Amino acid sequence: MSLAHVILGLLQQQEMTGYDLKTSCFDRCIAHLWPADQAQIYRTLDKLVEQGYITCTIQIQHDRPNRKVYTVTEPGKAELVQWLGTHQPLPTVREPMLVQLHFADQLPNESIIHLLEQQLAARNEKLTECETIDLPPLGDESANREQVMQRLVLELVIRREQIYIDWLKTVINVIS
């Protein structure tokens, strides 16, 4: 998967500026799946324009800088659909904290517990963020197909965080 495909998917839903992509999409919901900073987003937008997958329209503003609004083109839609139907390999997982724990026998228990508690706090914060995302619950008859797909993904992210939290609590209890 690439950042380009994430952006194509988001722009397929509605036209947006780079700022809108970052603040409304990446910071709110996509960051739990595919984080990106502002510079990466703008570089990718430029590349997508060059490839003809999106267009950029400049909206003149008098009191603020002009806005660049991006829209998916037909070739961009075709690229997204082609990618959506492509099997994705399992991701490469890098878990620095787990590597630390793997070698943590060299530390006193208090230091290990401190690291684990920091991780637990971060995971709890992430879980809270996920739980505040406003999507209809599964089974809600008023939800459209897009909302159902997004809710299904969000449910996995929430469950993954909860499992991680439960595991961290277990590890802390074992080491204590």
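Quick note: structure is the one above.
If you're wondering where the values come from, they're calculated on a predicted model, not measured in any experiment.

Participant: Tell me about the packing of helix α1 (residues 3-13) against helix α3 (residues 38-51), and please be specific about residues and values.
Facilitator: As a packed pair, α1 and α3 sit with axes 10 Å apart at the nearest point and diverge in direction by 80°. Here α1 is positioned roughly perpendicular relative to α3, judged by the angle of their axes. Here L3, A4, I7, L8 and L11 of α1 come into contact with α3, specifically with Q40, I41, T44, L45 and L48.

Participant: Which residues make up the packing of aromatic side chains, and what values go with them?
Facilitator: The final tally for this structure, using the stated rule, is one aromatic pair. Measuring from centroid to centroid gives 5.9 Å for Y164 and W167, while their planes differ by 80°, and the two rings are edge-to-face. One end of the pair is Y164 and the other is W167, both in helix α7 (residues 145-175) and three residues apart, which spans about a single turn. The exposure class of Y164 is buried, given its relative accessible area of 11%. On the basis of relative accessibility, which here comes to 34%, the residue W167 falls in the partly exposed class. The positively charged end of R123 is found above the aromatic ring belonging to Y164, 3.6 Å away from the centroid.

Calculation criteria
- Residues numbered from 1 in each chain as written.
- Predicted model: local features only at pLDDT ≥ 70, side-chain atom pairs only at ≥ 80, totals over all residues.
- Heavy atoms only, no water.
- Axes fitted to C-alpha atoms, helices over the stretch in contact; angles between N-to-C directions.
- Helix = DSSP H or I, 4+ residues; strand = E, 2+ residues; numbered from the N terminus.
- Parallel < 35°, antiparallel > 145°, perpendicular 65-115°, else oblique.
- Contact = heavy atoms within 4.5 Å.
- Phe/Tyr/Trp six-rings, centres within 6.5 Å; stacked < 30°, edge-to-face > 60°.
- Buried < 20%, exposed > 50% of the residue type's maximum accessible area, 1.4 Å probe, protein only.
- Lys NZ or Arg CZ within 6 Å of the ring centre and 35° of its normal.

That's the geometry; what it means functionally is another story.
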